[in-house]
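One-letter residues, chain by chain:
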Amino acid sequence: EAGVAQSPRYKIIEKRQSVAFWCNPISGHATLYWYQQILGQGPKLLIQFQNNGVVDDSQLPKDRFSAERLKGVDSTLKIQPAKLEDSAVYLCASSLVMAASYEQYFGPGTRLTVT
Amino acid sequence: LAKTTQPISMDSYEGQEVNITCSHNNIATNDYITWYQQFPSQGPRFIIQGYKTKVTNEVASLFIPADRKSSTLSLPRVSLSDTAVYYCLVGDARENAGNMLTFGGGTRLMVKP
């Protein structure tokens, strides 16, 4: 079974530029998550999708971050414009069912450096 | 969401058993306890999950007392490759409950030769 795919793996941009990350979850997984992980900290949930609908985006900085999950499969996370403090690893995860009793499968992440 | 508290770091030696305890005093009736492991430059990986008493798989054991206010992850005979960050999480196990697991800082386990 293929895992969660993310691209790109690394990205370096200057502040005020825009960037987009892509995620392809495990086939059949209804729930998709985007996390931000700053160096030395645990992952912080940014947004959670159930199929193509947003379940929770309370921690997403909506003035600069946006995310969509078209057709309930792939998802993109965009930052525009980027700030220095956005430097982090962006993790995508998926689970079969939206419940804590179901394992979340994580992708390898995209490491973003904003200079 | 139930908050979890776990030690920031632990050291051990190869071949020893490691026990990492997590406190979750305000755990709710429908909450499950889940542990994830994260190696550098990788996403977290599921280790084990439980509701009460003891759960064991090929990787670890999870001990949960009757009051469920804490849990202990037990790694038998650790090796250098077990050096990682271990996260304890608590979340609602009901389907469509809005599974929003909150990761804390985790416990950084360093296994020495």
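Given the structure is predicted, the values throughout are model-derived calculations rather than measurements. (Residues numbered from 1 in each chain as written. Chains lettered and ligands numbered in written order. Predicted model: local features only at pLDDT ≥ 70, side-chain atom pairs only at ≥ 80, totals over all residues. Heavy atoms only, no water.)

(A) Summary view of the side chain of Arg68 of chain B. All names here are of chain B. By the secondary structure assignment, Arg68 is in the loop between β6 (61–64) and β7 (70–75). No salt bridge is formed by the buried Arg68, whose closest oppositely charged neighbour, Asp31, lies at an N-O distance of 5.8 Å. Aside from chain neighbours lying at most four places away, what touches Arg68 is His24, Ile27, Ala28, Thr29, Asp31, Ile33, Tyr51 and Lys52. (Helix = DSSP H or I, 4+ residues; strand = E, 2+ residues; numbered from the N terminus. Buried < 20%, exposed > 50% of the residue type's maximum accessible area, 1.4 Å probe, protein only. Lys, Arg positive; Asp, Glu negative; His and termini not counted. Salt bridge = Lys/Arg side-chain N within 4 Å of Asp/Glu carboxyl O. Contact = heavy atoms within 4.5 Å.)

(B) Looking closely at the interface of chain B and chain A. Counting from both sides, the interface comprises 25 residues of chain B and, opposite them, 26 residues of chain A. A buried area of about 1,900 Å², summed over both sides, lies between chain B and chain A, and 51% of it is on carbon and sulfur atoms. Counting across the chain B and chain A interface gives zero salt bridges. Viewed at the interface, chain A and chain B are joined by four residue pairs in polar contact (both at pLDDT 80 or more). Contributing elements (two or more residues each) for the side of chain B that touches chain A: β3 (31–38), β4 (45–50) and β8 (84–92) of chain B. Here the side of chain B that touches chain A takes four residues from β3 of chain B, the largest share from any one element. (Buried area = accessible area lost by both parts, 1.4 Å probe. Polar contact = N/O pair within 3.5 Å; in protein donor to acceptor, adjacent residues only side chain to side chain.)

(C) Geometry of the state of the cysteines. Scanning the model with the defined rule gives two disulfides over all chains in all. The side chain of Cys23 of chain A participates in a disulfide bridge whose partner is Cys92 of chain A; the two sulfur atoms lie 1.9 Å from each other. What sets the handedness of the Cys23 of chain A and Cys92 of chain A disulfide is the S-S torsion sign, and at about -70° it is left-handed. Placement of Cys23 of chain A in strand β3 (residues 19–24) and of Cys92 of chain A in strand β9 (residues 88–95) is noted, with a sequence separation of 69 residues between them. The disulfide partner of Cys22 of chain B is Cys88 of chain B, and the gap between their sulfur atoms is 2.2 Å. For the disulfide bridge between Cys22 of chain B and Cys88 of chain B, the dihedral angle about the S-S bond is near -80°, and by the sign convention the bridge is left-handed. Separated by 66 residues along the polypeptide, Cys22 of chain B in strand β2 (residues 18–23) and Cys88 of chain B in strand β8 bring together distant segments of the chain. Classification of Cys88 of chain B as buried rests on a relative accessible area of 0%. (Disulfide = S-S within 2.5 Å.)

(D) Structural detail: the sheet that holds β4 of chain B. All names here are of chain B. Taking strand neighbours across the sheet as the criterion, the five strands line up as β1-β9-β8-β3-β4 in an open arrangement whose pairing is mixed. Both edges of this open sheet fall to β1 (9–13) and β4, since each of them pairs with a single strand only. The mean angle between the axes of side-by-side strands here comes to 25°, regardless of whether they run parallel or antiparallel. Two elements, β3 and β4, share five bridges in a ladder whose sense is antiparallel. In the sheet register, Tyr36 faces β4, and the bridge partner there is Phe46. (Pairing = 2+ DSSP bridges. Axes fitted to C-alpha atoms, helices over the stretch in contact; angles between N-to-C directions.)

(E) The arrangement of the pairing of strand β4 (residues 31–37) of chain A in detail. Residues and elements named next belong to chain A. Burial runs high along β4: seven of the seven residues are buried. Of the two faces of β4, both are covered, the one formed by Thr31, Tyr33, Tyr35 and Gln37 as well as the one formed by Leu32, Trp34 and Gln36. Here six bridges tie β4 to strand β5 (residues 44–50), and the two strands are oriented antiparallel to one another. Looking at β5, one finds that Trp34 is bridged to Ile47. Connecting β4 to the antiparallel partner β5 that follows it, the hairpin turn spans six residues, and Gly40 within it adopts a positive phi of roughly 85°. Pairing between β4 and β9: seven bridges, direction antiparallel. Paired with Trp34 across the bridge in β9 is Cys92.

Don't take any of this as a statement about function, it's just geometry.
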